[in-house]
Amino acid sequence: MASRLAAAIKELATPGGRRLGARTPTPTDDAAAASFAALTHKLAYLDTADIKRVRDAYRFADEAHLGQFRASGEPYITHPIAVAGLCADWKLDAQAIMAALMHDAMEDCGITKAELIERFGAPTADLVDGLTKLDKLRFSTREESQAESFRKMLLAMARDVRVILVKLADRLHNMRTMEAMAASKRTRIAQETLEIYAPIAHRLGLNQTYRELQELSFQHLRPWRHTALAKAVQKARGYRRDIVERIQTEVEKAFAKSKLKTQVFGREKTLFSIYRKMREKHLTFAQVNDIFGFRVVVQTLPECYLALGVLHQLYKPLPGRFKDYIAIPKANGYQSLHTTLVSPLGTAVEFQIRTEQMHAVAEKGIAAHWLYKAKGSKPAQAQEAQRLGAMWLQSLIDIQDETRDASEFLEHVKIDLFPDAVYVFTPKSKILALPRGATPVDFAYAIHSDVGDHCVAAKVNGEPVALRTELRSGDVVEIVSAPGAKPNPAWLNFVRTGRARSKIRHYLKTMEQEESQELGSKMLAQALRAEGLTMPGDDTAESPVWQQLTRWSGNRSREELLTDIGLGRKIATIVAKRLARLLAERGTRPDAVTLTMGRYASDDGESAQGMVLIDGAEGASVQMGPCCRPIPGDAIVGYLGRGEGLVIHTADCGIGKRLYERDSERWMKVEWAEQPTRAFETGVTLLLKNGKGVLAQVAQAVSSAEADITHIDMGDEPAAQTTELQLLLSVRDRLHLAEVMRTLKRSSAVLRVTRVKP
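What counts, and where the lines are drawn
Residues numbered from 1 in each chain as written. Predicted model: local features only at pLDDT ≥ 70, side-chain atom pairs only at ≥ 80, totals over all residues. Heavy atoms only, no water. Helix = DSSP H or I, 4+ residues; strand = E, 2+ residues; numbered from the N terminus. Buried < 20%, exposed > 50% of the residue type's maximum accessible area, 1.4 Å probe, protein only. Contact = heavy atoms within 4.5 Å. Areas by Shrake-Rupley, 256 points an atom, 1.4 Å probe, with all protein chains shown as cover. Phe/Tyr/Trp six-rings, centres within 6.5 Å; stacked < 30°, edge-to-face > 60°. Core = buried A, V, L, I, M, F, W, Y, C linked by side-chain atoms within 4.5 Å. Pairing = 2+ DSSP bridges. Axes fitted to C-alpha atoms, helices over the stretch in contact; angles between N-to-C directions. Patch = residues over 30% accessible without salt bridge, like charges linked within 9 Å, V, L, I, M, F, W, Y side chains within 5 Å. Salt bridge = Lys/Arg side-chain N within 4 Å of Asp/Glu carboxyl O.

**Brief notes about the overall build of the chain**
Here's step 1: In terms of regular secondary structure, the chain is built from 30 helices and 20 strands.
Here's step 2: Per-residue burial for the chain yields a buried fraction of 50% across its 758 residues.
Here's step 3: Long-range pairs, those at least 24 residues apart, make up 69% of the contacts in the chain with a sequence separation of at least 6.
Here's step 4: Of the roughly 36,800 Å² of accessible surface on the chain, a fraction of 51% belongs to carbon and sulfur atoms.

**What to know about the packing of aromatic side chains**
Here's step 1: As enumerated under the stated definition, the model contains five aromatic pairs in all.
Here's step 2: Taking 4.6 Å as the distance between ring centres and 25° as the angle between the ring planes, the aromatic pair formed by F218 and Y275 counts as stacked. Pair noted here: F218 is in helix α13 (residues 207–221) and Y275 is in helix α15 (residues 271–281), with a separation of 57 residues, a long-range link.
Here's step 3: Centre to centre, the rings of F294 and F351 are 5.3 Å apart; their planes meet at 20°, and the pair counts as stacked. Taken together, the positions of F294 in strand β3 (residues 292–298) and F351 in strand β6 (residues 348–355) put the pair 57 residues apart, joining distant regions of the chain.
Here's step 4: Looking at F294, the relative accessible area reads 0%, which means it is buried.
Here's step 5: Since its relative accessible area comes to 1%, F351 is described here as buried.
Here's step 6: Among the aromatic residues, those joined into a cluster by ring pairs are F218, F272 and Y275.

**Some words on the nonpolar core**
Here's step 1: Formed by 60 residues in total, the largest nonpolar core has its most connected members in L43, V54, L101, M102, L116 and L213.
Here's step 2: Ranked by residue count, the leading element in this core is helix α11 (residues 162–176), at eight residues.
Here's step 3: Beyond its immediate stretch of four places on either side in the chain, L101 contacts L39, V54, A57, Y58, A61, P80, I81 and A84.
Here's step 4: W546, V622, L725 and V740 belong to the second largest nonpolar core, which has 51 residues in total.

**Some words on the sheet that holds strand β10 (residues 463–465)**
Here's step 1: Here we have three strands laid out as an open sheet, ordered β10-β9-β11, and antiparallel in their pairing. Looking along the sheet, the strands with just one partner apiece sit at the ends: β10 and β11 (477–481). Strand-to-strand twist across the sheet, computed as the mean angle between neighbouring axes with direction ignored, equals 35°.
Here's step 2: Against the sheet, helix α21 (residues 440–447) contacts β9 (455–460), β10 and β11, and its axis sits at roughly 80° relative to β11.

**Some words on the sheet that holds strand β18 (residues 708–713)**
Here's step 1: The sheet built from four strands is open, its strands ordered β18-β19-β17-β20 with antiparallel pairing. Lying at the two open borders of the sheet, with one neighbouring strand each, are β18 and β20 (750–755). Going across the sheet, the axis of each strand differs from the next one's by a mean of 30°, ignoring polarity.
Here's step 2: Both strand β17 (residues 680–689) and strand β19 (residues 722–731) contribute to a ladder of 10 bridges, which runs antiparallel. When the bridges of β19 are listed, K689 appears paired with T722.
Here's step 3: Lying on the sheet, helix α30 (residues 734–745) is in contact with β17, β19 and β20; it crosses β20 at an angle near 165°.

**As for a nonpolar patch on the surface**
Here's step 1: Nonpolar side chains collect at one region of the surface, where L695, I712 and M714 lie side by side and expose about 260 Å² of accessible area between them.
Here's step 2: Following the sequence through the fold, M714 ends up in the loop between β18 and β19.
Here's step 3: A relative accessible area of 46% means that M714 is categorised as partly exposed.

**Comments concerning the side chain of H65**
Here's step 1: Of note, H65 is situated in the loop between α4 (48–64) and α5 (78–89).
Here's step 2: A relative accessible area of 2% places H65 in the buried class.
Here's step 3: Setting aside residues no more than four positions away along its own chain, H65 makes contact with Y76, I77, P80, D104, A105 and C109.

Just geometry here; none of it tells us what the structure is for.
The structure is reproduced here in structure tokens:
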């Protein structure tokens, strides 16, 4: 047993490296092995009944793909067999092997899901369906089709992780055999692999697959650089062989002296990891001095730390280069001790120390679950990898619940496929893994969406910090929340996790929709009054009218139509005329009193009846024009922008007047409410005498008038005797602004104060 395990370990590589002298499989290898007879010996872990079912699936796939050939000229069936072989290496169950054999049957051969359910059962059919791309004819662009297909696959994977394991095996074989494809197609597939599939493999702990996908992508995306680096590494390998052998001999002697049973393997960085390090740190190849490293495999967990002590006694460790991923595992379940030592030649050499079980999980990740089930046992590390993988898969479902747009969903998933992590603590010492660069807002949403939505402040290690502060490993983070708080759109500029981003966007979209729907209802009611009608209800008697109206407008519901009106996608007056016609067909006639009041309000704007009142509580559906920045007391008009809601301009705004000439039907009467609910921003320009303490005087004057400065612009002009300064002030209304300007004028440093107008 021990010898078989040792042999298996020798075949495996490390995260960030590969075994010295290891050979990447070639298409020829796969073609030679691509027969069911060659697959059979890999299925020895299955029982006789399961092997028979797999054979049936092979026959079905062989018949379905009859007459089809790959770009290389080989029979197409060689590809499914090779994919099934890779899945068998992970010891996946019979259903997954069957799905691997038939993964292209629905997409390329016209086989239906119903046929697969009838022949092989629903679980296998669901796996195949999850791997099948959506019909491209349904989408307007290739990108849209691809995004939807990714979403379908990732959600199927969230329900059953075998979907992504089969897909990764499929992509790995395709990447190994891409030489016959057109160059443009190779580049596109390699880029997609590097951005999506390799990070997914890493996120699920399949490090061996992750490294090979990266390496193959690099080979196809940068063939010249790949070849140049391969030659440089081959040359360096000869120069460094002596030092590698010397270090390995010295390390093995030290362990033998300490009576520790270990296996020591030399390993080499992949070409892609060398290339990435050279690019990120602007190094030449000669400056990359950690091309090779070593792995030490021991028998028990305590021996990991004993081995670390032996190594630190043998060679001096580099300060700050020790990482304990055993005490705090990576987000994908990876566990090892990492230490960097100074070799006899003065170069840095990394050592990774782990147990045999940790090694298997490090290479196979979530697939180790099946590997150990096949052997009849399941160590704690495999269970932990399974749990962490399941947590990430569940987060995909959470993101999907908040995000209906496929491209946006894919963007959130890409954000979550981070290669590095920081490990932070809750006040109760629970560890959370977050992507590098994560902030307290990401932390809050990782705990619970309610905590994130109501977050107002944060403390890190007991000290108050800004919400955009980057967290570091070891930080203890505490979130301060308030019941009335809500997400800030500015958070989207600095959050790093897909979960936080999707939750914030979902909240803002929901609020915008509710506010726009309310505004649309007001506008349609006002437009109907001009027709002498009142807004029909949505009870049973009135609902046929709404159904006819939504069919005419192309909306799915009354709520969606009102939202479109509020966002400016539909014109209230046009919708009102159509609704009046539909009501007239049902015998409803204009009411004389309503008609008079509607026209009175529409023409003069002096009646509050039917008027859209602005009090500052409208939210995203109503915006103050950034050109004129109106405040209560200004004469105002409303412009219904296309898709941006109602934009308020001052009546004398030059930009507003030009918009009116171009698009007069989109203007509507608006008025300020008697009691606005918040302060409003407006701009003032100050001409100042330059001198010491000028800014302090200005700030003191604004503060004494009970206003706030929200922005200061001093321009790019060099300092002179006089300086022009632009302030953005937060004031209650025009009277308050006048008071602030009078206070500023009384300051000895201020020569002139004017309000900014477009």
